[in-house]
Amino acid sequence: MEMQNMERADMWDYRRKLEKTLASPDLMNHQKLQTLVRNQILQSPYDLHFEGEIEKVVERRSKEVSNVVSMLRSADIQSSKSAWKVKEESEEFRVMYREGAEGSPFHTLLVEGYVDGPLDVCLCISWETGLYNKWWPQTSIPAFKIISSRCLKRVRTGEQISLVRMKVSWPLSSREAVLHYFAFEYLQEDLIVVLFNSISDSESIDRSSHGFTREGIPKAEELVRIGVVGGFACQKVDANRCYFRVIASLDMKLDMVPPSFINFISRQLLGSGFKLFKKEVASVSAGDENFREALKDPFYTRIREGLDSKNSTRDLKKGASISVEDQSETTFEDPMLNEIDELKRDDEAIDRRTLKSSHCGTDKVTISPEVEQALKILEKVNSIVREHVTKAPVSRMNGVDLTNLDEKCVEESITSEGDRKCDEVCLIDEARVKESNSYTRETNQSKIGTNSSMNQKSNKGKSVSRLKNIKSRFRRLRIFSS
């Protein structure tokens, strides 16, 4: 039960991602969509002689793509305006239907779900009409099977015209459809949208408006030619999973059969068809011989290269981010850091001498609370400066200006409080040490000199100078306290 809930949650995420992509500005704005379609068409060999003819074809394809994208986008049943009804829903797929276009008695049908296979494999199985009989539903009751399917002509890479013939139940005769396929590539979001529209005998086809002619397209003779309008979207989820949504409106040309019966049969076939499609994707991903050669076509090569290029760009950005992180952790030579190390070594040496003197009993060392507080401040400054210098070897990193680091850390921690503590130490120990007055003057002069240097310098050398003053001051504090 928990696994089913997780799969349903994944389905919901895949669905939301697809709907967000279909509603992106590039696909909603006609001018932007037209630019994308034009760029794609011009990538393929094209034999039109006049730019004006190309623009007519671009305009036609853009409208067709926009229409299919709008149909696919309408599948959001969460909308209050949604007219979709769910026929079947599981953890793997969903079948829905709604009333067809105005004046049509036939339903618009939709099936969507995830398939376990790469994007190019999903596209290949859907695109290669010559291999439809390898996976298309072959039912006997009611009779519905592929008699033949083949590509009639390749208009260009990503565009073709195919013929599909089907056998249906007696007393009906077999049906056929001449389909125009066009694949729209929106690889910025790992998306392929394929539109398919039937070509009727009565339709006037011209190269300047359609981009192809009737050459190679047979006329309808023995079989009844049906009408189909629809398309599908396939979006990559990861390297081995995609989300698939197909939508279509069919006119089976069955005047003697009640449309309600046709709608019922169509809804029953959709779920079975998707299960077979899903099974075939898994089989081809495992190395099916029938599709291995088809996947070598330049069309699928272009898709794979487009996806790889996008992923390489993403990896490059990720690698740059990792390099910055690695750089921040790399040991390097820096004057400020060296100065801190030297100061720390001097402090440790004084501590060792103090400890040795204490053990020998020659002197009894007494450190006043004020000096202890000043030393704690020094340790805090050391840790803050070391942290910033280590993490940011350049002058500015993540908004921290290292050239002014001493003004932010040293001045606040040492000048404001350390000098006050130093003055208190001088007053407390004045009667005990003769040279206290001179040391106090040196300390005050150091403070004045330091404040002046902070206002005049703006590079990293200023931080080194400040640290030298700190080292000198606290070394004197050590000696003074002893």
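Note that the structure is predicted; figures quoted are calculated from it, not measured.

Conventions adopted
Residues numbered from 1 in each chain as written. Predicted model: local features only at pLDDT ≥ 70, side-chain atom pairs only at ≥ 80, totals over all residues. Heavy atoms only, no water. Helix = DSSP H or I, 4+ residues; strand = E, 2+ residues; numbered from the N terminus. Buried < 20%, exposed > 50% of the residue type's maximum accessible area, 1.4 Å probe, protein only. Contact = heavy atoms within 4.5 Å. Areas by Shrake-Rupley, 256 points an atom, 1.4 Å probe, with all protein chains shown as cover. 1 Å grid on protein atoms, 1.4 Å probe; cavity = no way out; pocket = protein on both sides within 12 Å on 5 of 7 lines; lining within 4 Å. Points joined across faces, edges and corners; volume = space filled by probe spheres on them. Nonpolar A, V, L, I, M, F, W, Y, C, P; charged D, E, K, R; others polar. Polar contact = N/O pair within 3.5 Å; in protein donor to acceptor, adjacent residues only side chain to side chain. Expected span 1.5 Å × (residues − 1). Arc of directions from axis to C-beta. Core = buried A, V, L, I, M, F, W, Y, C linked by side-chain atoms within 4.5 Å.

(A) Summary view of the overall build of the protein. Summing up its helical and strand segments, the protein has 15 helices and 13 strands in all. Counting the 482 residues in the protein, one finds 45% classified as buried. If you take every contact in the protein between residues at least 6 apart in sequence, the share linking residues at least 24 apart comes to 67%. Accessible surface for the protein amounts to roughly 25,400 Å². Of this, 51% is attributable to carbon and sulfur atoms.

(B) Molecular detail of empty space enclosed by the protein. Scanning the model with the defined rule gives two cavities of 30 Å³ or more in all. Approximately 60 Å³ is the volume attributed to the largest cavity. The wall of the largest cavity is formed by Phe106, His107, Leu109, Leu250, Met252, Ile262, Asn263 and Ser266. Considering every element that reaches the lining of the largest cavity, the biggest residue donor is helix 7 (residues 259-285), with three residues. Class assignment of the residues belonging to the lining of the largest cavity gives a composition of five nonpolar, three polar and no charged.

(C) Here's a closer look at the side chain of Arg241. Here Arg241 lies in strand 11 (residues 241-251). Within the structure, Arg241 has its side chain in polar contact with the side chain of Tyr14 (distance 3.2 Å). For Arg241, the residues in contact, after removing those within four places along its chain, are Tyr14, Tyr114, Val115, Asp116, Gly117 and Lys236.

(D) Geometry of the layout of surface pockets. Of the volumes computed, that of the largest pocket is approximately 1,100 Å³. Considering the residues around the largest pocket, the lining is formed by 41 residues, among which Trp136, Phe144, Met166, Leu250 and Leu270 are closest to the centre. If you list the elements that add at least two residues to the lining of the largest pocket, you get strand 3 (108-115), strand 5 (143-156), strand 6 (159-168), strand 7 (175-186), strand 10 (227-238), strand 11 and helix 7. With nine residues, helix 7 is the largest single contributor of residues to the lining of the largest pocket. Of the residues belonging to the lining of the largest pocket, the class tally is 37 nonpolar, four polar and no charged. Forming the walls of the second largest pocket are 21 residues, and the residues nearest its centre are Gly227, Val228, Val229, Ser249 and Asp251. Secondary structure elements with two or more residues in the lining of the second largest pocket: strand 10 and strand 11. For the lining of the second largest pocket, the class distribution of residues is eight nonpolar, eight polar and five charged.

(E) Representation of helix 3 (residues 30-43) in the model. The end-to-end C-alpha separation of helix 3 is 20 Å, in line with the 20 Å expected for 14 residues at 1.5 Å each. All of the buried residues along helix 3 are Leu33, Gln34, Val37, Gln40 and Ile41. Buried residues along helix 3 cover an arc of 130° about the axis, so they all sit on one side. Summarising the geometry of helix 3, the exposed residues directed more than 90 degrees from the buried face are Gln31 and Gln43. For helix 3, the side-chain oxygen to backbone nitrogen distance between the N-cap and Gln31 is 3.0 Å, and the N-cap itself is Asn29.

(F) Up close: the nonpolar core. Counting residues in hydrophobic clusters, the biggest one holds 52 residues, and the most contacted among them are Leu123, Ile125, Val194 and Phe277. In terms of residue count, the dominant contributor to this core is helix 5 (residues 119-127) (seven residues). Beyond its immediate chain neighbours, meaning those up to four positions away, Val194 contacts Leu123, Trp127, Tyr181, Phe182, Ala183, Gly231 and Phe232. Membership of the second largest hydrophobic core comes to 30 residues, among which are Met11, Met71, Leu72 and Tyr186.

(G) Structural view of the environment of Leu18. The topology assignment puts Leu18 in helix 1 (residues 2-22). Counting along the chain gives 172 residues from Leu18 to Asp190, while the straight-line C-alpha distance between them is 9.9 Å. Residues within four places of Leu18 in sequence aside, it is in contact with Leu191, Ala233, Gln235, Tyr243 and Arg245.

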